[in-house]
Protein chains: 4
Amino acid sequence: MATTDLVVEKTSSGREYKVKDMSQADFGRLELELAEVEMPGLMSCRTEFGPSQPFKGARITGSLHMTIQTAVLIETLTSLGAEVRWCSCNIFSTQDHAAAAIARDSAAVFAWKGETLQEYWWCTERALDWGIGGGPDLIVDDGGDATLLIHEGVKAEEEFQKTGKLPDPASTDNVEFQIVLGIIKDGLSVDPKKYHKMKERLVGVSEETTTGVKRLYQMQLNGTLLFPAINVNDSVTKSKFDNLYGCRHSLPDGLMRATDVMIAGKVAVVCGYGDVGKGCAAALKQGGARVIVTEIDPICALQALMEGFQVLTLEDAVSDADIFVTTTGNKDIIMVDHMKKMKNNAIVCNIGHFDNEIDMHGLETLPGVKRITIKPQTDRWVFPETNTGIIVLAEGRLMNLGCATGHPSFVMSCSFTNQVIAQLELWKERATGKYEKKVYVLPKHLDEKVAALHLGKLGAKLTKLTPEQADYISIPVEGPYKPPHYRY
Amino acid sequence: MATTDLVVEKTSSGREYKVKDMSQADFGRLELELAEVEMPGLMSCRTEFGPSQPFKGARITGSLHMTIQTAVLIETLTSLGAEVRWCSCNIFSTQDHAAAAIARDSAAVFAWKGETLQEYWWCTERALDWGIGGGPDLIVDDGGDATLLIHEGVKAEEEFQKTGKLPDPASTDNVEFQIVLGIIKDGLSVDPKKYHKMKERLVGVSEETTTGVKRLYQMQLNGTLLFPAINVNDSVTKSKFDNLYGCRHSLPDGLMRATDVMIAGKVAVVCGYGDVGKGCAAALKQGGARVIVTEIDPICALQALMEGFQVLTLEDAVSDADIFVTTTGNKDIIMVDHMKKMKNNAIVCNIGHFDNEIDMHGLETLPGVKRITIKPQTDRWVFPETNTGIIVLAEGRLMNLGCATGHPSFVMSCSFTNQVIAQLELWKERATGKYEKKVYVLPKHLDEKVAALHLGKLGAKLTKLTPEQADYISIPVEGPYKPPHYRY
Amino acid sequence: MATTDLVVEKTSSGREYKVKDMSQADFGRLELELAEVEMPGLMSCRTEFGPSQPFKGARITGSLHMTIQTAVLIETLTSLGAEVRWCSCNIFSTQDHAAAAIARDSAAVFAWKGETLQEYWWCTERALDWGIGGGPDLIVDDGGDATLLIHEGVKAEEEFQKTGKLPDPASTDNVEFQIVLGIIKDGLSVDPKKYHKMKERLVGVSEETTTGVKRLYQMQLNGTLLFPAINVNDSVTKSKFDNLYGCRHSLPDGLMRATDVMIAGKVAVVCGYGDVGKGCAAALKQGGARVIVTEIDPICALQALMEGFQVLTLEDAVSDADIFVTTTGNKDIIMVDHMKKMKNNAIVCNIGHFDNEIDMHGLETLPGVKRITIKPQTDRWVFPETNTGIIVLAEGRLMNLGCATGHPSFVMSCSFTNQVIAQLELWKERATGKYEKKVYVLPKHLDEKVAALHLGKLGAKLTKLTPEQADYISIPVEGPYKPPHYRY
Amino acid sequence: MATTDLVVEKTSSGREYKVKDMSQADFGRLELELAEVEMPGLMSCRTEFGPSQPFKGARITGSLHMTIQTAVLIETLTSLGAEVRWCSCNIFSTQDHAAAAIARDSAAVFAWKGETLQEYWWCTERALDWGIGGGPDLIVDDGGDATLLIHEGVKAEEEFQKTGKLPDPASTDNVEFQIVLGIIKDGLSVDPKKYHKMKERLVGVSEETTTGVKRLYQMQLNGTLLFPAINVNDSVTKSKFDNLYGCRHSLPDGLMRATDVMIAGKVAVVCGYGDVGKGCAAALKQGGARVIVTEIDPICALQALMEGFQVLTLEDAVSDADIFVTTTGNKDIIMVDHMKKMKNNAIVCNIGHFDNEIDMHGLETLPGVKRITIKPQTDRWVFPETNTGIIVLAEGRLMNLGCATGHPSFVMSCSFTNQVIAQLELWKERATGKYEKKVYVLPKHLDEKVAALHLGKLGAKLTKLTPEQADYISIPVEGPYKPPHYRY
């Protein structure tokens, strides 16, 4: 489907959407209701903040995997008074029943499982476009694509204003960036101030994930950041939970749904031993695999060794392993030359970052290579020389979202409660100048609050400091309990 | 669909079948090819025995979950010369694409996911009915339903011959047994010697699982066993692998596919700590749950304690736990009165035995109870008094097969290689009188052989005894290496 | 100290003993009292059987590591009415304070930590010699040395009676067997019927461990077994607890006390994956080591793989590993040629069987090798070619007993309760002919009873079968709950 | 022994010392040589820096557990040119053979296992007193006692100078602080500028542990810090290794050596889930215990839950648990009222901080309580009302050092390499003014270097970033690889 064929639909109440199948809305609603029970942080936000409607008047655009869990986030935002438009931040990550339920009941959604890149950016642009009055007040971003579109749009408009030159998709080899430039070019022809208007209205963005955060700090460093940003990823209750425990759960889930492969007895290579890699390596070890870790960072490498993992280079292990997982947040980790040395039916997948962790381009363009789609998101690629093949999941994109349903609700409740709190903070301070065009993290007492909201559901009982004890270690009785540099 | 509406179809080559959707055969074939790489034991059987066609002339009926793994078993049997008819042994366990591939390419299949009980027994009867010349030469059984049908058929025919009385479905309260009697009754009216002919032809059965094996030993004890049986379940390479490592893999798989629930942080109750329970408890612990075990056997209870599990009664834990799993092989484990005391959205499932481990009858007939089907095999049951609900998987039947795809290929290769060897043994000795109407286990050297066939795939290298060492511990250099009572 | 210098001492009450240091008796008593709290099975025996004094009149000789736990066993036997003489079954395994406490308070003890082989057999002979009236009524044996001495003694006496030939120590290369023959020869010159009298009086032996049990079955097979034997090792509550969980505890304990080495990050080779090997591999994995298993048995090898261990030959791993543990129950596992290929300061130890699992003879006689004793039971052996060395624990003997204190009380309570029950059974049936000159295992209901006695201490609550459930699976409500072939 | 009886001894070369038993020096030397192989970071420092003798002319005083590992640290400092005086920072933590070897061969040592508090502070004062020219140039501190003595000394001297008032031990209830004041008072009478001279000479301190670091930040905050300090504890390669993996190793080591208790099956309470608590909880879980965590910090509590631990208050668990471990770094965690509610022979120990985590004072002064010393550092305390008792390890002080040998060499090599680097840095910059009277952490590239020095010993191979990859994520090819806020 070319984007020219993409038609925005409307609910009976006039809200825009574009989803796969509106008839799945009931199913989505049922799963949403289950998820609510597993997301105590978000439900507490509704109870605490709902009555005062703090988001009254706020337009929020989200670019974040359109799953059931995200649906609970969206309805938390709307129950606090916001108007919301949403797209997914990954072409495979949408759960179509979640999208349908939200589109029908709560917010404008532009997302379906299995978008083309062209469709993906069309959806992003739709989610940002609030019609008259410019764009959103706030952005919930994951990976930074919504933020990127605005920054690139503004840059192109400035160039156009100065030189009259339109962005030229042919100026880049990067296929995806060609599409971005195309969309901006189309926008320019309609309204040469489109992205400037967005920028002006925008109060700020809260960013979900490592990759997006890196981009933000980069822009802060370069002085090109156009609006305040809250780094939600580095809340402890995000990166040490979602990245670690989320992946520990969803990596085997994705492997099982995609391939039904027995994990026990296998040799698995986990590239990268950050929080995501730690979760993956733990999951594979617990499943009975023998895990080899690759790392560039000697500290993380030593951590892997302390847990009993062998630390080797990919070259050392490439011919012996059965399962390869990239978690690095970097590019060019598993190249097509590696893949050609792998065992027949070795499984190759990415749970880290963009699909460029795996050299999908090299694979796709290898002369004579044959792609056999076992089922959507599970492809066997057969090499001409050997007639053996490897199995690539989710076309190199996040396999837990492409092949399974992403992280489970409970851990996403931690992450998303941080998002809600960040959005509330940005909105509350929109006129005070508290936040400059910089990247911020949430203060520790809010981080601790997010955790506290999740203890009751698990039956935990906290110990209380006595004033004497608090005094003895020089912290307030009610926290925060740790210094800023504490690593958990 | 009433069974009167069930129509056997035929392939272009004239082979009978009844499956859900023949168009899934290509997809089934692709997954079959993947599975073959993961099933070295079965593939070795093809290599070793294929050329001599040892099953030439043998008719084999199977009643065993019609999954991708079973498809590789079936094609191993056919590649060794057998003719095969197959049904599933569980109404939810068929993978429709596997059934389609086999029906199209290799054997007569009567199986689909989501049979009614009436359909289930119709399929069983179809699989046993080879037309002229009576029934099969050999049975591959799982749970003993094919064996039961013949035994009950023979019993009814004897009664009929003596007294002229037909079996009376109304004579039992057990809904499923009413259906069995109905089918036998229908058979009797067509051929009053139908099951006698089957019994006469039958060389023997090899039985897959604990429950079926219990029935066989019971019949041996009562002197009612009609033909030789090989207990495949108690091969070490079956019960200590499939039951243990298979469930360790497929329990979380089923939980995740059915509910997406986060396992970490939850309280889980595992009822029974046999091999299946051990696998389940290990999986839940590794996933970050806190596990409570219930047991009747003090030895198994003490094993659970040594692994750090709390051992309590269900009554102690029923109100605190989030996930309940039955693995006992017994009935009446979780009753409706237990369920009413559970937390909202507690998950209740069975991976042990029949659906009577969970009191489904009590639940279904509870006045005012409301069943909300989230998706097939995932139901929320809401209690009228509290308006809270519980989530029951696979209607109380085996959740790993109902909600996921059962055990993974590699471990099933161990189990099924035992099946192939047992079938070969029964067939080879069909005229020698080696096997009486008793229950046998495979000799240890064959058990060890099954294991040995699976080592290469995992890159293992065995150490060889020297003659001096073998002599020192008084065993042959080439094994068997352990005394019969060894527990592994 | 030559055995000619060994002098039996006597307590004020006239009981014989030979221990290291009687002044440690108070310390031994304190630790004994702690151990009693951890040994509920033995204490229950005292409560249940003490009043009826079932061992009244029975003489029991024990040859079993003279530890604190064994002390609680001995005092259980005496509190049930027995008279007891005791020696250790390993030259390094005695805890001198335990020996002192027992010698002072309860039984005749001949044991100290660090016996020579000559002293060891002197102690064994002393423990068997009850003076007038021959030897003991019952033997508690571990490894079978007491049983062996009687069998060899009887054989020599028969030879002497037939031919007048005395046993000739020079007839064997085996240094230890030379000593055994010497002792028998000495005995013959005093009383040519000494061992015959022992044999005649003896009601039976209960044997503790795999190695001793193998010897017994061998003698049963050869028809040379002189009295009934109960194989305690193969009670489930022994071999699946003591061997597995005991070693999981005491292997790292021995490693730490002997070397203080950090286990995390190390590569460890475990030779053998039986119950002992399983416990060791689990402990090392949990400590953060990467574990490689060597095996001859494909079934055990496949179990190791399923737990994520690499299975290789010793040759593959010898140069890379840091820690080597033998658990095979066989000889010649780690040879001096292996040791020479190891990394500097690799640790080599045995927790399986006799010191011949490790080629101590080859090491000791290697030209130019240098032995540096770091502390007792911890030796560094330096090879002349490389000037690098390895660290050998407990001179190749059981390192958990040589370098630490053996298994902890709780798990030994399981093993020793089996011993008490076996001894009671042999004694009760001494005149009934129930037990022939064969090897027996305890019936399952007694095995289950042993387990049941240990549940309360750990706060466990058993579930009770209903009569309907018991009937459904055809077992008695009160057990035994499993068929004989069940593997746990 | 009163301190007045304490006499400094001298080696033949004239170096001062006071140790338990100089004849253990050879044994210490042997274990030192073993430890060197396990401490690659320190040995690399000798290789890299030894030739240039960077510490030439530097006097270093250390107050840090005088163990074998510390001995390797000391000899690293001396091999880099330093002169060293040393004391232990805990009355039970000295390994006497280590102290002897160092005293004989390398540095002035004042330390033995089992000091009284009076002796302890005498040793500290001796280690700080370099005679003419004042005190040391540099301090290696652990817990901050050497730093405290100087600060208190300076304070008292100022007071004395102003008011002529001597410090009054009677002014405080704290027994230990009375001793500190006494020592300062004694010093004042000899040289009223003693601590001022020390302060003046002192270049800086590097502090090892959480508690000491807290004191330093407190003094920085109050503006009372007298010299620069490097916080070694918060190097990742210290707190995320030593605290976590060190305790995971040494907690069970201490438990086993002190009590031989079986960990499997027990209920353990870990108070605090920081790095130390995480290591302890992991060790106990792996040993087969069921672990309950108590926490004040909701984030750490949620981490515990994600690992499957129950989170309760001490009050909830006090009557059910068998083992209690404090790891909080706070005071008044387990009070005597808790202890009275515990099960008979419950084990109570501290691995966190000072002995005030456990209410030793309350226990010792409880009317009628009876103390039975099983062996040094293992006491059973019997309560008069119940006649049941609890077992307290190391008199409430760090049990891994009191009952075992502390952390193993490898992990201490990480910590101590940070110490060496910190000391080098302070000394190199002594005249540049780079370090003010503040608390600093080491820069990340040095932290990464420490890790890198430990990879080779474990056979690890690092992956190298390509320039393109480094550019892509905006970090240097050679690191540092993570932003400062990264949590590992």
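Conventions we followed
- Residues numbered from 1 in each chain as written.
- Chains lettered and ligands numbered in written order.
- Predicted model: local features only at pLDDT ≥ 70, side-chain atom pairs only at ≥ 80, totals over all residues.
- Heavy atoms only, no water.
- Helix = DSSP H or I, 4+ residues; strand = E, 2+ residues; numbered from the N terminus.
- Rg over C-alpha atoms; globule rule 2.2 N^0.38 Å.
- Buried < 20%, exposed > 50% of the residue type's maximum accessible area, 1.4 Å probe, protein only.
- Contact = heavy atoms within 4.5 Å.
- Areas by Shrake-Rupley, 256 points an atom, 1.4 Å probe, with all protein chains shown as cover.
- Lys, Arg positive; Asp, Glu negative; His and termini not counted.
- Charge placed at Lys NZ, Arg CZ, Asp CG, Glu CD.
- Buried area = accessible area lost by both parts, 1.4 Å probe.
- Salt bridge = Lys/Arg side-chain N within 4 Å of Asp/Glu carboxyl O.
- Polar contact = N/O pair within 3.5 Å; in protein donor to acceptor, adjacent residues only side chain to side chain.
- Nonpolar A, V, L, I, M, F, W, Y, C, P; charged D, E, K, R; others polar.
- Phe/Tyr/Trp six-rings, centres within 6.5 Å; stacked < 30°, edge-to-face > 60°.
- Least-squares fit on C-alpha atoms with pLDDT ≥ 70 in both.
- Pairing = 2+ DSSP bridges.
- Expected span 1.5 Å × (residues − 1).
- Axes fitted to C-alpha atoms, helices over the stretch in contact; angles between N-to-C directions.
- Left-handed = near helix turned anticlockwise from the far one by under 90°.
- Domains from an automatic or database assignment.
- pLDDT = per-residue confidence, 0-100.
- Core = buried A, V, L, I, M, F, W, Y, C linked by side-chain atoms within 4.5 Å.

We now examine the overall build of chain A. Helix and strand counts for chain A come out as 20 helices and 17 strands. In summary, chain A has a C-alpha radius of gyration of 23 Å against a globular reference of 23 Å for 488 residues, a match within 12%. By principal-axis analysis of the C-alpha atoms, chain A measures approximately 70 × 65 × 45 Å. For chain A, with 488 residues in total, the buried portion stands at 68%. If you take every contact in chain A between residues at least 6 apart in sequence, the share linking residues at least 24 apart comes to 72%. On chain A, roughly 16200 Å² of surface is accessible, and the fraction owed to carbon and sulfur atoms is 53%. Taking the average place of the 52 positive charges on the side chains of chain A and the average place of its 63 negative ones, the gap between the two points comes to 2 Å.

Contact with chain B, which involves 12 residues of that partner, is made by 12 residues of chain D. In total, chain B and chain D occlude about 920 Å² of area from one another, counting both sides; carbon and sulfur atoms represent 59% of this. The tally of links between chain B and chain D comes to zero salt bridges. Counting across the chain B and chain D interface gives six residue pairs in polar contact (both at pLDDT 80 or more). Grouping the amino acids of the side of chain B that touches chain D by side-chain chemistry returns five nonpolar, four polar and three charged.

Before going further, it helps to spend a moment on the packing of aromatic side chains. Using the criterion set out here, one finds 25 aromatic pairs over all chains in the structure. Ring geometry for Tyr 435 of chain B and Tyr 440 of chain B: centres 4.7 Å apart, planes at 80 degrees, overall edge-to-face. Centroid distance Tyr 273 of chain C to Phe 309 of chain C: 5.9 Å. Interplanar angle 65 degrees. Geometry classified as edge-to-face. Of the two residues, Tyr 273 of chain C is situated in the loop between strand S9 (267–271) and helix H12 (275–286) and Phe 309 of chain C in the loop between helix H13 (298–306) and strand S11 (310–311); the sequence distance between them amounts to 36 residues.

What follows covers the relation of the copies chain D and chain A. It takes a turn of 180 degrees to lay chain D on chain A, together with a shift of 0.0 Å along the axis; the resulting RMSD is 0.1 Å. Both copies are brought into coincidence by an operation consistent with a two-fold rotation axis. Scanning chain D for the C-alpha nearest the rotation axis identifies Arg 487 of chain D, at a separation of 2.2 Å. Of the residues that chain D buries at the interface, 100% are likewise interface residues in chain A, meaning the two copies contact each other through the same surface.

To continue, consider the pairing of strand S16 (residues 389–393) of chain C. Residues and elements named next belong to chain C. In terms of burial, S16 is largely enclosed, as five of its five residues are buried. Of the two faces of S16, the one lined by Gly 389, Ile 391 and Leu 393 and the one lined by Ile 390 and Val 392 are each fully buried. Here strand S13 (residues 346–350) pairs with S16 via three bridges, running parallel. By the bridge assignment for S16, Ala 346 is matched with Ile 390. Bridge count between strand S15 (residues 378–382) and S16: five bridges; the pairing is antiparallel. The residue of S16 that forms the bridge with Thr 378 is Leu 393. Hairpin connection of S15 to S16: six residues between the antiparallel strands, including Asn 387 at a positive phi of 60 degrees.

Looking now at helix H9 (residues 210–222) of chain C. Think of an α-helix as 3.6 residues a turn; residues three or four steps apart then line up on the same face. Residues and elements named next belong to chain C. With 13 residues, H9 extends 18 Å from end C-alpha to end C-alpha; this agrees with the ideal 18 Å at 1.5 Å per step. Along H9, the residues that are buried comprise Thr 211, Gly 212, Val 213, Leu 216 and Met 219. Elements that come into contact with the buried residues of H9 comprise helix H6 (145–163), strand S7 (204–207), strand S8 (229–231) and strand S17 (439–440).

Residues and elements named next belong to chain C. Here strand S6 (residues 138–141) shows no split at all, with Leu 138 and Val 140 on one side and Ile 139 and Asp 141 on the other all buried. With four bridges connecting them, strand S3 (residues 59–63) and S6 associate as parallel partners. Opposite Ile 60, over in S6, you have Leu 138 as the bridge partner. By the bridge criterion, four bridges tie S6 to S7 in an arrangement that is parallel. By the bridge assignment for S7, Val 140 is matched with Ser 206.

Okay, the interface of chain D and chain A next. In this assembly, 67 residues from chain D lie in contact with 68 residues from chain A. Counting the surface lost from both chain D and chain A, the interface buries some 6100 Å², and carbon and sulfur atoms represent 60% of this. Linking chain D with chain A are six salt bridges, by the criterion used here. Linking Arg 248 of chain A and Glu 307 of chain D is a salt bridge whose minimum nitrogen-to-oxygen distance equals 3.3 Å. Between the two partners, chain D and chain A, sit 32 residue pairs in polar contact (both at pLDDT 80 or more). When contributions to the side of chain D that touches chain A are tallied by element, the ones reaching two or more residues are helix H9 (210–222), helix H10 (236–239), helix H11 (242–259), helix H12 (275–286), helix H13 (298–306), helix H18 (409–428), helix H19 (444–452) and helix H20 (467–472) of chain D.

All right, on to the packing of helix H3 (residues 68–79) of chain A against helix H18 (residues 409–428) of chain A then. All names here are of chain A. Where H3 meets H18, the axes come as close as 10 Å, and the angle between the chain directions of the two elements is 35 degrees. H18 is crossed by H3, and the crossing has right-handed handedness. Note on element contacts: H18 touches H3 through Ser 409, Met 412, Phe 416, Gln 419 and Val 420, opposite Gln 69, Thr 70, Leu 73, Thr 76 and Leu 77. Along the lines of polarity and charge, the residues of the contact of H3 with H18 split into five nonpolar, five polar and no charged.

As a further point, take the domain arrangement of chain A. Residues and elements named next belong to chain A. According to the domain assignment, chain A contains domain 1 (9–142 + 144–207) and domain 2 (247–403). Taking only C-alpha atoms, the centre of domain 1 and the centre of domain 2 are 31 Å apart. Listed by partner, the interface residues are eight residues for domain 1 and seven residues for domain 2. In total, about 710 Å² of surface goes out of reach between domain 1 and domain 2, with carbon and sulfur atoms giving 62% of it. For domain 1, the biggest contributors to the area lost against domain 2 are Asn 90, Phe 92 and Lys 113; these three give 57% of the whole. Our count for the domain 1 to domain 2 interface comes out at zero salt bridges. Applying the counting rule to domain 1 against domain 2 returns two residue pairs in polar contact (both at pLDDT 80 or more).

For chain A, per-residue confidence averages 96 on the pLDDT scale, and 99% of positions sit at 70 or higher. Note on the complex model: pTM 0.96, ipTM 0.96.

Another aspect to go through is the relation of the copies chain B and chain D. With an RMSD of 0.1 Å, chain B superimposes on chain D once it is rotated by 180 degrees and translated 0.0 Å along the axis. Comparing interface residues between copies, 100% of those in chain B also lie at the interface in chain D; the contact surface is shared.

On to the side chain of Glu 448 of chain C. Structurally, the position occupied by Glu 448 of chain C is in helix H19 (residues 444–453). Comment: no salt bridge for buried Glu 448 of chain C; closest opposite-charge side chain is Lys 444 of chain C, at 5.8 Å. Excluding residues within four positions of it along the chain, Glu 448 of chain C makes contact with Asp 297, Pro 298 and Ile 299 of chain B together with Gly 479, Pro 480, Tyr 481, Lys 482 and Tyr 488 of chain C.

What follows concerns the nonpolar core. Ranked by internal contacts, the top residues of the largest apolar core, which has 132 residues, are Leu 255, Leu 284 and Leu 302 of chain A together with Phe 55, Met 66, Leu 77 and Trp 86 of chain D. Tallying contributions element by element places H18 of chain D first for this core, with 11 residues. Among all residues touching Met 66 of chain D, those that are not within four sequence positions of it are Ala 71, Ile 74, Trp 86, Ser 88, Ser 93, Thr 94, Gln 95, Ala 98, Ala 99, Ile 102, Val 109 and Ala 111 of chain D. In terms of nonpolar packing, the next biggest core, distinct from the first, is built from 131 residues, Tyr 488 of chain A together with Ile 150, Ile 183 and Met 399 of chain D among them.

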